[in-house]
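What follows is each chain in one-letter form.
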Amino acid sequence: MSNNPDADQDNQQPDPNRNSLIALDFKLTHAVAICDDRYLPCPGRQLVRSVARSTHPGTFMFWLSVFILITRDVTLHERLFNLLIGCILGTAACTGVKLLVRRPRPIVPGGHQGKGLSSYSFPSGHAAMITMAWCSMARAYQNDTMVMLLMGILTTMVCLSMVMLGRQYVFDILGGCCVGFLTHKLYVTNALVSAATSEALIKSIQDKLYI
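Residues numbered from 1 in each chain as written. Predicted model: local features only at pLDDT ≥ 70, side-chain atom pairs only at ≥ 80, totals over all residues. Heavy atoms only, no water.

## So, the overall build of the chain
Then, number 1: Of the regular secondary structure elements, the chain holds 9 helices and 0 strands.
Then, number 2: Moving toward the C terminus, one meets the helices and strands of the chain in the order α-α-α-α-α-α-α-α-α.
Then, number 3: Going through the 211 residues of the chain one by one, you find that 40% of them count as buried.
Then, number 4: Residue pairs in contact within the chain that sit at least 24 positions apart in sequence constitute 71% of those at least 6 positions apart.
Then, number 5: For the chain, the accessible surface area stands at approximately 11,800 Å², while carbon and sulfur atoms represent 66% of it. (Helix = DSSP H or I, 4+ residues; strand = E, 2+ residues; numbered from the N terminus. Buried < 20%, exposed > 50% of the residue type's maximum accessible area, 1.4 Å probe, protein only. Contact = heavy atoms within 4.5 Å. Areas by Shrake-Rupley, 256 points an atom, 1.4 Å probe, with all protein chains shown as cover.)

## Topic: the pattern of salt bridges
Then, number 1: Under the counting rule described, the total for this entry stands at 3 salt bridges.
Then, number 2: Between Asp25 and Arg103 there is a salt bridge; the shortest N-O distance is 2.8 Å. Here the residue Asp25 occupies a position in helix 2 (residues 20–32), and Arg103 occupies one in the loop between helix 5 (74–101) and helix 6 (125–140), the gap between them amounting to 78 residues.
Then, number 3: Between Asp207 and Lys203 there is a salt bridge whose closest N-O contact spans 3.0 Å. You can see Asp207 and its partner Lys203 sitting in helix 9 (residues 195–208), 4 residues apart, about one turn around the helix.
Then, number 4: The structure contains a network of salt bridges with shared partners spanning Asp25, Arg103 and Asp172. (Salt bridge = Lys/Arg side-chain N within 4 Å of Asp/Glu carboxyl O.)

## Here we look at helix 9
Then, number 1: End to end, helix 9 covers 20 Å across 14 residues, agreeing with the expected 20 Å (1.5 Å per residue, within 8%).
Then, number 2: Within helix 9 the residues assigned to the buried category are Ser198, Glu199, Ile202 and Gln206. All buried residues of helix 9 project into a common sector of 95° when viewed along the axis, lining one side. Counted as exposed and oriented over 90 degrees from the buried face of helix 9: Ala196 and Lys208.
Then, number 3: Along its buried surface, helix 9 packs onto helix 4 (57–70) and helix 5. (Expected span 1.5 Å × (residues − 1). Arc of directions from axis to C-beta.)

## Things to note about unusual backbone geometry
Then, number 1: The omega angle of the peptide bond from Phe122 to Pro123 is -5°, so this bond is cis rather than trans.
Then, number 2: In this model, Arg102 sits at a positive phi of 55°, which is unusual for a non-glycine residue.
Then, number 3: You can see Arg102 is positioned in the loop between helix 5 and helix 6.

## Thoughts on the environment of Thr59
Then, number 1: As for its placement among the helices and strands, Thr59 is situated in helix 4.
Then, number 2: For Thr59, a relative accessible area of 30% gives the class partly exposed.

## A look at the nonpolar core
Then, number 1: Counting residues in hydrophobic clusters, the biggest one holds 20 residues, and the most contacted among them are Phe60, Leu64, Ile68, Leu83, Cys87 and Met129.
Then, number 2: Counting only elements with at least two residues in this core, the list comes to helix 4, helix 5 and helix 6.
Then, number 3: Looking at this core, the element that brings in the most residues is helix 5, giving 6 residues.
Then, number 4: Listed in part, the 15 residues of the second largest apolar core include Cys42, Val48, Ala127 and Val170. (Core = buried A, V, L, I, M, F, W, Y, C linked by side-chain atoms within 4.5 Å.)

## Brief notes about a nonpolar patch on the surface
Then, number 1: A contiguous nonpolar surface patch, about 480 Å² in accessible area, is contributed by Met146, Leu149, Leu150, Ile153 and Met157.
Then, number 2: Considering the arrangement of structural elements, one finds Leu150 in helix 7 (residues 145–164).
Then, number 3: Of the residues examined, Leu150 reaches a relative accessible area of 52% and is grouped as exposed. (Patch = residues over 30% accessible without salt bridge, like charges linked within 9 Å, V, L, I, M, F, W, Y side chains within 5 Å.)

## Points about the side chain of His126
Then, number 1: Relative to the assigned elements, His126 resides in helix 6.
Then, number 2: Since its relative accessible area comes to 12%, His126 is described here as buried.
Then, number 3: When near neighbours in sequence (up to four residues on either side) are disregarded, His126 contacts Ala52, Thr55, His56, Pro57, Val158 and Met162.

## Points about the packing of aromatic side chains
Then, number 1: Under the definition given, this model contains 2 aromatic pairs.
Then, number 2: Residues Phe26 and Tyr169 carry aromatic rings whose centres are separated by 5.0 Å and whose planes lie at 50° to one another, so their mutual orientation is tilted. Within this pair, whereas Phe26 is found in helix 2, its partner Tyr169 is found in the loop between helix 7 and helix 8 (170–186), the two being separated by 143 residues in sequence. In terms of burial, Phe26 and Tyr169 fall into one category: buried.
Then, number 3: With a centroid separation of 5.0 Å and an interplanar angle of 75°, the aromatic rings of Phe62 and Trp63 are classed as edge-to-face.
Then, number 4: On the basis of relative accessible area, Phe62 is assigned to the partly exposed category, the value being 47%.
Then, number 5: Judged by relative accessible area, Trp63 falls into the exposed class, the value being 53%. (Phe/Tyr/Trp six-rings, centres within 6.5 Å; stacked < 30°, edge-to-face > 60°.)

In structure tokens, the structure reads:
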């Protein structure tokens with residue numbers, strides 16, 4: 001890797017004649033990544049970072065678990081518990097694909113590439129988490145236009161934030177959305193853990209924690 005980040009980015013550029021889809025991915029990503037250089041001014045960079053961090057798989061599942069434990073709604077318990085299991089499966093799927101594809105993250109001027117698994121960008125775990133959340137909300141509140149609109153805006157913000165920060169390519173986000181949608185469709189929608197089972201498990205944890 002050279003000392004010139006821009007040169008490294010140019011070296012990553014594929015030949016459009018050989019792979020037009022990858023070339024399009026690079027072009028779209030570089031057009032959207034307006035906050036990728038930490039040394040250049042970017043209005044709202046801190047807000048963009050906060051939005052991106054909110055759906056890190058670990059953070060997302062932690063707060064989802066907290067919400068499950070503090071609520072007493074049995075119907076909500078079933079939905080959220082299956083969503084949590086779906087998130088775990090979706091994260092596992094993203095991890096497996098990342099290790100298989102091993103696509104490096106975009107080179108960020110003044111930033112770092114990460115090490116090991118964190119250095120791979122396809123598919124996006126953030127996009128998978130927010131897509132599963134959107135699908136769950138869409139299923140529960142399909143007749144509530146305001147909820148659907150707010151979730152649509154939040155989903156778009158999260159997906160855009162990762163590209164704006166130069167952490168992932170546009171196709172990484174699309175791949176993460178596909179993983180999230182398929183995981184929700186195959187697992188969460190079918191609610192493989194019944195209401196009785198999920199309630200028993202949650203109730204036992206609540207009793208131990210005196211919640």
